[in-house]
Amino acid sequence: MNSNTGKRRVFHALLAIVTGVLVMLWPDALYYIIGSYLIATGLVFLVFKAPAVIVAASVVTGIFIFVFPSFIPYFFAFFLLVIGIGSLLSGGFTLFAVIPLLAAVLLISFPDIISIIVAAFLLLYGITTIIAMIRSRRNEKEIIEVY
């Protein structure tokens with residue numbers, strides 16, 4: 001993993017954790033928080049030169065949430081499907097592909113508990129990303145020490 005991808009993943013993970021906490025604290029402001037999160041995610045992806053489809057999906061979904069707040073479960077599920085399918089195509093069947101796909105299915109199935117699902121997804125995604133990066137870095141150091 002190059003340093004640009006690593007920095008993007010750290011920013012995105014921290015943004016997800018902060019947003020998950022905000023959703024838990026202020027579930028009534030969900031559409032402001034999620035719309036802002038998606039636009040901020042798109043900007044992070046743009047700055048770190050992520051694929052254009054991911055940038056566009058994030059920003060457009062965030063804007064749609066601001067314009068049509070009653071459709072949050074469906075718009076956010078769409079974003080999660082894009083992330084999950086992108087992860088499947090680029091990295092295979094991994095936890096980072098399964099979590100967004102599972103959250104998308106839950107959002108479509110249970111839109112009434114969107115705040116709980118979104119907060120849980122964001123916290124789980126952010127924390128697992130940080131843990132995976134720490135493990136990866138630890139493994140890289142162990143490999144270097146062996147040689």
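From a predicted model like this one, the values you see are computed outputs, not experimental measurements. (Residues numbered from 1 in each chain as written. Predicted model: local features only at pLDDT ≥ 70, side-chain atom pairs only at ≥ 80, totals over all residues. Heavy atoms only, no water.)

Enquirer: Mind showing me how you'd approach the nonpolar core here?
Expert: As a rule of thumb, nonpolar side chains are buried together in soluble globular proteins. Residues Ile34, Phe76, Leu80, Leu107, Val118, Phe121 and Leu122 are the most contacted members of the largest nonpolar core, which totals 32 residues. Every element with two or more residues in this core is listed here: helix 1 (3-25), helix 2 (30-47), helix 3 (52-67), helix 4 (72-91), helix 5 (95-109) and helix 6 (114-146). Ranked by residues supplied to this core, first place goes to helix 4 with 8 residues. Setting aside anything within four residues of it in sequence, one finds Phe76 in contact with Ile34, Tyr37, Leu38, Thr61, Ile65, Leu107, Val118, Phe121 and Leu122. (Core = buried A, V, L, I, M, F, W, Y, C linked by side-chain atoms within 4.5 Å. Buried < 20%, exposed > 50% of the residue type's maximum accessible area, 1.4 Å probe, protein only. Helix = DSSP H or I, 4+ residues; strand = E, 2+ residues; numbered from the N terminus. Contact = heavy atoms within 4.5 Å.)

Enquirer: Please clarify how the confidence of the model for the protein should be interpreted in this entry.
Expert: Reading predicted coordinates in detail is not appropriate for stretches of low pLDDT. Mean pLDDT for the protein: 82, with 86% of residues reaching 70 or above. Mean pLDDT values over the elements of the protein span from 77, in helix 6, up to 88, in helix 2. (pLDDT = per-residue confidence, 0-100.)

Enquirer: How should helix 2 be read in this particular structure?
Expert: Because each turn of an α-helix spans 3.6 residues, side chains separated by three or four positions in sequence point in the same direction. When the terminal C-alpha atoms of helix 2 are compared, their 25 Å separation across 18 residues agrees well with the 26 Å that a helix rising 1.5 Å per residue should span. All buried positions along helix 2 are accounted for by Leu30, Ile33, Ile34, Gly35, Tyr37, Leu38, Thr41, Gly42, Val44 and Phe45. The positive-phi residue at the C-terminal boundary of helix 2 is Lys49, with phi of around 55 degrees. (Expected span 1.5 Å × (residues − 1).)

Enquirer: Looking at this structure, I do not really get the packing of aromatic side chains. What am I missing?
Expert: Any aromatic ring pair is given by two values, namely how distant the centres are and how the planes are angled relative to each other. One pass over the full model with this rule turns up 10 aromatic pairs. Look at Tyr31 and Tyr32: their rings are 4.3 Å apart centre to centre, the planes differ by 25 degrees, and that puts the pair in the stacked class. Of the residues examined, Tyr32 reaches a relative accessible area of 47% and is grouped as partly exposed. Between Phe76 and Phe121, the ring centres sit 6.3 Å apart and the planes meet at 75 degrees, which makes this aromatic pair edge-to-face. With Phe76 in helix 4 and Phe121 in helix 6, this pair connects stretches of sequence that are 45 residues apart. Using a relative accessible area of 1% as the deciding quantity, one classes Phe76 as buried. (Phe/Tyr/Trp six-rings, centres within 6.5 Å; stacked < 30°, edge-to-face > 60°.)

Enquirer: Just checking my understanding: could you explain the side chain of Thr61 for this structure?
Expert: With respect to the helices and strands, Thr61 occurs in helix 3. Not counting residues within four places of it along the chain, the set of residues in contact with Thr61 comprises Leu38, Ala56, Phe75, Phe76, Phe78 and Phe79.

Enquirer: Any chance you could explain the environment of Ile117 here in plain terms?
Expert: Relative to the assigned elements, Ile117 resides in helix 6. Between the C-alpha atoms of Ile117 and Gly20, which are 97 residues apart in sequence, the distance is 9.7 Å. If we ignore the near neighbours within four places in the chain, the residues touching Ile117 are Ala103, Leu106, Leu107 and Phe110.

Enquirer: It is not clear to me how the packing of helix 2 against helix 3 should be interpreted in this structure. Could you clarify?
Expert: For any two helices packed against each other, the geometry comes down to the angle between their axes and how far apart the axes lie. In contact at an axis separation of 8 Å, helix 2 and helix 3 are set at 160 degrees when each is read in the N-to-C sense. Comparing their axes, helix 3 and helix 2 come out roughly antiparallel. In the crossing of helix 2 with helix 3, the sense of the turn from one axis to the other is left-handed. Every residue of helix 3 that contacts helix 2 at Tyr31, Tyr32, Ile34, Gly35, Ser36, Leu38, Ile39, Thr41, Gly42, Phe45 and Leu46 is listed here: Ile54, Val55, Ser58, Val59, Thr61, Gly62, Ile63, Ile65 and Phe66. (Axes fitted to C-alpha atoms, helices over the stretch in contact; angles between N-to-C directions. Parallel < 35°, antiparallel > 145°, perpendicular 65-115°, else oblique. Left-handed = near helix turned anticlockwise from the far one by under 90°.)

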